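One letter stands for each residue in the lines below.
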Number of protein chains: 2
Amino acid sequence: MNNIDIINRIKSIQSFLKEKKLDGFIQPRSDSYLGEYVPQSDSRLEWISGFSGSAGEILILCKSAILFVDSRYTIQAVNETKNTNIKVVLSSEKSLVDYIENNSNILKNIAFDPWLHSLSMVKYFLYIGSKYNLKFVSLKQNPIDLIWVTNRDDAPKSEIKKHIAKYAGISTSEKIQNLCLRLKSLSVDSYIITQPDAIAWLLNIRGADLKHTPIILTRAIIFKNKNICLFIDESRINSEIKNYFKKEITNIKIYPENKLLNVINNIAKNKNKILIDPSTTSYVFANEILKEKNNNIVEQDCPIELMKAIKNKVEIRGSIIAHKKDGIALSKFLYWIYNSKNTNNSEMLFSNKIDQLRSQQKNFICTSFETISGYASNGAIVHYRVTNQSNKKIKGNSLYLCDSGGQYLEGTTDVTRTIVIGKPSVLMKKHFTIVLKAHIALASAVFPYGTTGNELDLLTRSPLWKNDMNYGHGTGHGVGSCLNVHEGPHRISKGSLTILEPGMVTSNEPGFYLENKYGIRIENLMVITKLNHKNNKNMLCFKSLTLAPIDINLINYKLLTHEEIKWINDYNNSVYKYISIYLEGSIKKWLKEVCRPFIITTH
Amino acid sequence: MNNIDIINRIKSIQSFLKEKKLDGFIQPRSDSYLGEYVPQSDSRLEWISGFSGSAGEILILCKSAILFVDSRYTIQAVNETKNTNIKVVLSSEKSLVDYIENNSNILKNIAFDPWLHSLSMVKYFLYIGSKYNLKFVSLKQNPIDLIWVTNRDDAPKSEIKKHIAKYAGISTSEKIQNLCLRLKSLSVDSYIITQPDAIAWLLNIRGADLKHTPIILTRAIIFKNKNICLFIDESRINSEIKNYFKKEITNIKIYPENKLLNVINNIAKNKNKILIDPSTTSYVFANEILKEKNNNIVEQDCPIELMKAIKNKVEIRGSIIAHKKDGIALSKFLYWIYNSKNTNNSEMLFSNKIDQLRSQQKNFICTSFETISGYASNGAIVHYRVTNQSNKKIKGNSLYLCDSGGQYLEGTTDVTRTIVIGKPSVLMKKHFTIVLKAHIALASAVFPYGTTGNELDLLTRSPLWKNDMNYGHGTGHGVGSCLNVHEGPHRISKGSLTILEPGMVTSNEPGFYLENKYGIRIENLMVITKLNHKNNKNMLCFKSLTLAPIDINLINYKLLTHEEIKWINDYNNSVYKYISIYLEGSIKKWLKEVCRPFIITTH
């Protein structure tokens, strides 16, 4: 990346601002789908600033530009914007809105692209605007699109594929039926579905528009009479899918993507009661409704999210299969590391190895996110991604952390293992064992229906807090079924008030990060299941899905209770039980060895 | 209690209803202070129904009467209303409001006494009224007061006593100063204080108007300029208190109690911005404001509650002293039981004994609630109070549960111990040990500032849930300092969202109740303190205040972790350390024996 390019691009935007008599322009990282991943064609933030992180936003003013990033990305953002005059600011200390507030005496007209911000966010902009007497200006066209004309990919156009009943479990017609019952109970006539993964789930379709998520970037409107309008280039739908749609959906109309605003406006004009999810729907769509007088907009969380989060029996069975394949790949990976005497061992080599082993599994589609492969001090960087510059040799005595996952037709995986390279120190073992205690606290929790991730987060962190340790990220997130690796509505984290339901899948990933030394994270996926208690009704527990050995060389068993020792013995034993049947010879012997139980001598 | 009396009283109310063309009248248990305890003079529910429980309400209709009680009181209510034609209903199955809703076709005019219901409750009545097209009629006078003229105590009129700085810790003038800063930050001109314990705290006064709480039943108005109006019969204030008030309070005016409505209305007329706490203030007071057009009422939680809940250093030191005295009384009690071979041992004898031993302690005022003394199956009744009828002989092999507490000048105590009589069964030991694990989970918790009782409740119940056990009450409640034994705003229970602050006192009282067999509860009071962690800032933990041996004969040590064994060893050791210095001879030897540590043999 030539920084002269960046400087010139920023200058072009600044000329645009002057010409339009604007004081600033906000470019967030997101595209108009407001999702976690953005295709190259829509990576405007990276193009304008050079910053490639997964979250952040730039405020371009007439004479300066400020990039706001979170603590994960401060170092990376400074590196990537070197010699560009872009100022990097830590958003937790001063957010973009804080900055605008503080400079509200000179910033009077701030422009934004209404496709790239949610209704909730723009409402917040407008609130700030009224408070400080400044104007947030919704632009007809993003100024970056005016100047980014070469070296820009076309928008992704992968073909729609059917996600068959063998993997989806519930037919499209049944899902539509249930969703329409929900729409009726919410007393709305239609719902604008703006999240591609919600559409993929509802219509049982998949695609390849994104690198790590097998979805199609599309939007739809569903009516309470089960009619659907789908907004997509019709050439992407082959005849098989067309027939499939006809069979499953009472009435489906395919419109070009650019017709969505017109259709929304027509519905709004007819005083149709329209549901939208304000936090995941671009302002531009909501505005098509809101600009109509006496419109009937209903703002509420996406009703598909909860339906999608509660996995059906076929999806759970699929997840178990996906995790077996993942376990085979991970076991092979760990065995390969164990045998590897290569002096060129590095984070990148390891990262490529696990990706390669996973890709050899049947029905593998893609990795579910970019593999995190961090040795020693790099392991302490929570969202570390190895680059040619950062690539550490793996040698000596420290900890290696690998967080990786796959998309399989049967399900989505996400697993972190931390292993020792060389010999562990007493402190490494202590830290690892305390993190393991936290992992076990959650994995073995028993809780009544009505419990939320908010309460379970405290239960998980409790052993760390007792030892003056902690981690700066959430304890768990929902995971899709051959869909987004991060999925709502539930989370295991402070403040998450979604009630946990049987069938929900969540990660369990406590960690500990010793800056400049090493990082530890132990992450399994788990599914919530009912417990058949005699006295207490409606009790729930977790069942671990992930099958990969947890490094017993890092356990100080003296710090574990008998129950905890039983848990780790049972867990590693189940890894051996379910994975060893797919292995033979020396690797099978090795797996038995690393999964051996610790024998408790009773006192 | 002659049931003919009850029948006649109900009939009188029914005549009143007919005369006034009303369909029903609601009489709750509470008096106009809406507190937990009610003096005999205001125990209208008991007088009209015979029911003496601490919660409930009766709906008297023209031809019937229905008493709504919670699960604690169903048996008692049925017994106490025998042969009266009063129907007893479990309120969790059908509440009074449910009943009115279900019969809204015939119940069109329901009368209530506006002194006995909070503003929030009456708002709810009015909401139900508008929904079902029925009228809730606010009465000028309670019809029970028209007929209850003999055998009625005078309202309590105990003399105001000063709660001196040695016990209160903070002067009245400083408390008023802080409260007025809070009123200014809430932008209000005045606050109507309707909770007697809030006034006792603010003015550093105590009294003897209630059996278990050393307070004066009075109300006050405070203005942001620190002026105070106190509504009380002036004869109850001696010259020392008058001088004290003059010294501490810029300007205090004493009004007769019956002037409060007039004064409120005058303030409201002057468009004064008045704060009231809608859930603890009688509708009658709020109505004096609300009936003024364009009034400036501000509804918010009592601002004194949080100030009062966070104990100052003197109060915490006082609590420690009170708990030492309590520990001496309890140790003597347990030793007396240990030595007692009396074949007449009974729940009542035990109850009287602990009350007597506690009353011998210096600065003892009264018990902080009616002692719960339950043996075997009676111990399984959570809010059991022994009567001549229920009084069980204490013999054989079972568990004895004693929940008791005292009001001392230095502080308020509340402690439950469960001990074995005879030999415990394996199951008794298991149940006791699991409850102990829950108690230890909370007592040894480490948590960040921002944590609430909601999250800690799950942590506490976790060991019980794993063993298919639970308890149907909260885990902990706030406790006053020589004030109410149940105090807000914090609780350790599902749904309690008050942030826990250093200095707050809470009970820790997990339990287990095996119907018709025995009850177990282990209750200590604890104070929240800051932890000096190196890495994690703003961490908090609990320090146990209660000092009484936990019965080691009931512990199955195999079920405890090393950490838990260390906790119980340390706890009982601290009991011996702080209490034994006040004991001599055989009781001291006995205390050493029952506080002896369990020796862990390392594996």
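Residues numbered from 1 in each chain as written. Chains lettered and ligands numbered in written order. Predicted model: local features only at pLDDT ≥ 70, side-chain atom pairs only at ≥ 80, totals over all residues. Heavy atoms only, no water.

Novice: Residue-level account of the overall build of chain A, with values.
Specialist: Looking only at helices and strands, one finds 19 helices and 28 strands in chain A. For chain A, whose C-alpha radius of gyration is 25 Å, the value lies close to the compact-globule estimate of 25 Å for 603 residues. Put simply, chain A has 603 residues, and 58% of those count as buried. Taking the contacts inside chain A whose residues are at least 6 apart along the sequence as the reference set, 71% of them involve residues at least 24 apart. Across chain A, the 78 positively charged side chains and the 55 negatively charged ones have centroids separated by 3 Å. (Helix = DSSP H or I, 4+ residues; strand = E, 2+ residues; numbered from the N terminus. Rg over C-alpha atoms; globule rule 2.2 N^0.38 Å. Buried < 20%, exposed > 50% of the residue type's maximum accessible area, 1.4 Å probe, protein only. Contact = heavy atoms within 4.5 Å. Lys, Arg positive; Asp, Glu negative; His and termini not counted. Charge placed at Lys NZ, Arg CZ, Asp CG, Glu CD.)

Novice: Report on the relation of the copies chain A and chain B, specifying residues and quantitative values.
Specialist: Mapping chain A onto chain B calls for a rotation angle of 180° and an axial translation of 0.0 Å; the resulting RMSD is 0.1 Å. Expressed as an axis order, the relation between the two copies is that of a two-fold axis. Identified as the residue of chain A closest to the rotation axis by C-alpha distance is E455(A), at 2.3 Å. (Least-squares fit on C-alpha atoms with pLDDT ≥ 70 in both.)

Novice: Which residues make up the interface of chain A and chain B, and what values go with them?
Specialist: Tallying the contact residues gives 30 residues for chain A and 30 residues for chain B. Here chain A packs against chain B, burying approximately 2,800 Å² in sum over the two surfaces, 53% of which is carbon and sulfur. For E455(A), the salt bridge goes to K494(B), with nearest N and O atoms at 2.9 Å. For the interface between chain A and chain B, the tally reads 18 residue pairs in polar contact (both at pLDDT 80 or more). Contributions of two or more residues to the side of chain A that touches chain B are made by β21 (446–448), α17 (453–466) and α18 (562–579) of chain A. If you tally residues by element for the side of chain A that touches chain B, the top one is α17(A), at eight residues. The residue makeup of the side of chain A that touches chain B, split by class, is 10 nonpolar, 13 polar and seven charged. (Buried area = accessible area lost by both parts, 1.4 Å probe. Salt bridge = Lys/Arg side-chain N within 4 Å of Asp/Glu carboxyl O. Polar contact = N/O pair within 3.5 Å; in protein donor to acceptor, adjacent residues only side chain to side chain. Nonpolar A, V, L, I, M, F, W, Y, C, P; charged D, E, K, R; others polar.)

Novice: Describe the sheet that holds strand β17 (residues 398–404) of chain A, listing the residues and the values that go with them.
Specialist: All names here are of chain A. Ordered by their spatial adjacency, three strands build an open sheet running β16-β17-β20, and the pairing between neighbours is antiparallel. Strand pairing shows two members of the sheet lacking a second neighbour, β16 (372–375) and β20 (415–421), which therefore form its edges. This sheet shows a mean twist of 10° between the axes of neighbouring strands, independent of strand direction. Two strands pair when backbone bridges link them, and β16 and β17 are joined in this way by four bridges, in the antiparallel orientation. Looking across to β17, one finds that I372 is bridged to D403. (Pairing = 2+ DSSP bridges. Axes fitted to C-alpha atoms, helices over the stretch in contact; angles between N-to-C directions.)

Novice: Lay out unusual backbone geometry with the relevant residues and their values.
Specialist: All names here are of chain A. That bond from G488 to P489 is cis: its omega, 0°, falls within 30 degrees of zero. With respect to the element layout, P489 can be found in strand β23 (residues 487–492). Despite not being glycine, S187 shows a phi value in the positive range, around 55°. Tracing the backbone shows S187 in the loop between α8 (172–185) and β8 (190–193). Given the relative accessible area of 44%, S187 is considered partly exposed. Its identity as a non-glycine residue notwithstanding, N204 has a phi of 50°, on the positive side. Structurally, N204 is set in the loop between α9 (196–203) and β9 (205–206).

Novice: Pulling in residues and values, what's your account of helix α5 (residues 119–132) of chain B?
Specialist: Residue and element names in this part refer to chain B. When the terminal C-alpha atoms of α5 are compared, their 20 Å separation across 14 residues agrees well with the 20 Å that a helix rising 1.5 Å per residue should span. For α5, the set of buried residues is L119, V122, F125, I128 and G129. Trailing α5 by a residue or two, N133 shows a phi angle of about 60°, which is positive. (Expected span 1.5 Å × (residues − 1).)

Novice: Outline the packing of aromatic side chains, listing residues and values.
Specialist: All names here are of chain A. If you walk through the whole model with that rule in mind, you get 44 aromatic pairs over all chains. Residues W336 and F350 carry aromatic rings whose centres are separated by 5.3 Å and whose planes lie at 70° to one another, so their mutual orientation is edge-to-face. Taken as a pair, W336 in helix α14 (residues 313–339) and F350 in helix α15 (residues 347–359) lie far apart in primary sequence, 14 residues in all. Relative accessible area serves as the criterion here: at 23%, W336 is assigned to the partly exposed category. Aromatic rings pair up to connect F112, F125, F136 and Y283 into one cluster. Note that R219 overlies the ring of Y33, its terminal NZ or CZ placed 3.9 Å from the centroid. (Phe/Tyr/Trp six-rings, centres within 6.5 Å; stacked < 30°, edge-to-face > 60°. Lys NZ or Arg CZ within 6 Å of the ring centre and 35° of its normal.)

Novice: Help me get a handle on the pattern of salt bridges, residues and values and all.
Specialist: Inspection of every chain in the model, using the stated rule, returns 50 salt bridges over all chains. Among the salt bridges present, the one from D145(A) reaches R44(A), with a minimum N-O distance of 2.7 Å. With D145(A) in helix α6 (residues 143–147) and R44(A) in helix α2 (residues 44–49), this pair connects stretches of sequence that are 101 residues apart. Residue E487(B) pairs with K311(B) through a salt bridge whose shortest N-O separation is 2.7 Å.

Novice: Which residues make up the packing of α18(A) against helix α19 (residues 585–594) of chain A, and what are the values?
Specialist: All names here are of chain A. Closest axis-to-axis distance for the α18/α19 pair is 9 Å, and the angle between their directions is 160°. One way to sum up the angle between α18 and α19 is to call them roughly antiparallel. Along this stretch, α18 crosses α19, giving a crossing that reads as left-handed. Here N572, V575, Y576 and I579 of α18 come into contact with α19, specifically with K588, L591, K592 and V594. (Parallel < 35°, antiparallel > 145°, perpendicular 65-115°, else oblique. Left-handed = near helix turned anticlockwise from the far one by under 90°.)

Novice: Tell me what's going on with the environment of E80(A), and back it up with residues and numbers.
Specialist: By the element assignment, E80(A) lies in helix α3 (residues 74–80). Apart from residues no more than four positions distant in its own chain, E80(A) is found in contact with N3(A), S49(A), G50(A), F51(A), S52(A) and G53(A).

Novice: With reference to specific residues and values, describe the nonpolar core.
Specialist: What tends to happen in soluble globular proteins is that the nonpolar side chains get buried as a cluster. One finds Y400(A), F447(A), L456(A), Y400(B), F447(B) and L456(B) to be the most contacted residues of the largest nonpolar core, which totals 158 residues. Contacts of L456(A), omitting those with residues within four sequence positions, involve L442(A), A445(A), F447(A), T451(A), I492(A), L500(A), F542(A) and L458(B). (Core = buried A, V, L, I, M, F, W, Y, C linked by side-chain atoms within 4.5 Å.)

Novice: Provide a residue-level description of the pairing of strand β12 (residues 251–255) of chain A, including the pertinent values.
Specialist: Sheet topology note: the strand β11 (residues 227–231) of chain A/β12(A) ladder contains five bridges and is parallel. Looking across to β12(A), one finds that N227(A) is bridged to N251(A).

Novice: Account for the side chain of T506(A), with residues named and values stated.
Specialist: With respect to the helices and strands, T506(A) occurs in strand β24 (residues 505–508). In this structure T506(A) touches G476(A), H477(A), G478(A), H490(A), I492(A), N524(A), L525(A), M526(A) and F542(A), once residues within four positions along its chain are discounted.

Novice: Provide a residue-level description of helix α11 (residues 260–269) of chain B, including the pertinent values.
Specialist: Along an α-helix, residues three or four apart share an orientation, since each turn contains 3.6 residues. Residues and elements named next belong to chain B. Buried residues dominate α11, accounting for seven of its 10 residues. All of the buried residues in α11 are L260, L261, V263, I264, N265, I267 and A268. Elements that come into contact with the buried residues of α11 comprise β8 (190–193), β10 (219–223), β11 (227–231), β12 (251–255), β13 (273–276) and α12 (283–290). After α11 finishes, the residue K271 shows a positive phi value of roughly 60°.

Novice: Describe in detail the sheet that holds strand β4 (residues 86–90) of chain B, supporting the description with residues and values.
Specialist: Residues and elements named next belong to chain B. Across the sheet, six strands lie side by side as β4-β3-β2-β1-β5-β6; this open sheet has mixed pairing. Only two strands of the sheet have a single neighbouring strand rather than two, namely β4 and β6 (135–138). Between one strand axis and the next, the sheet turns by 25° as a mean value, whatever way the strands run. Where strand β3 (residues 65–69) lies against β4, five bridges are found, and the strand directions are parallel. Residue V69 lies in a different strand from β4, and its bridge partner there is L90. Most of the contacts of helix α1 (residues 3–19) go to strand β2 (residues 57–61), to which it runs at about 60°, and overall it touches β1 (24–28), β2, β3 and β4. Relative to the sheet, α5 contacts β1, β5 (109–112) and β6, its axis offset from that of β6 by approximately 145°.

Novice: Would you mind going over the side chain of K308(A) in detail, with residue names and values included?
Specialist: Residues and elements named next belong to chain A. Checked against the element boundaries, K308 lands in helix α13 (residues 303–309). The class of K308 is buried, set by a relative accessible area of 5%. Beyond its immediate chain neighbours, meaning those up to four positions away, K308 contacts D197, A198, W201, L483 and E487.

Novice: With reference to specific residues and values, describe the pairing of β6(B).
Specialist: All names here are of chain B. Bridging between β5 and β6 involves four bridges; their strand directions are parallel. Looking at the pairing, I110 lines up with F136 of β6. After leaving β5, the chain enters α5 and then returns to the sheet as β6, a path that is right-handed. (Right-handed = clockwise from strand over helix to strand, strands pointing away.)

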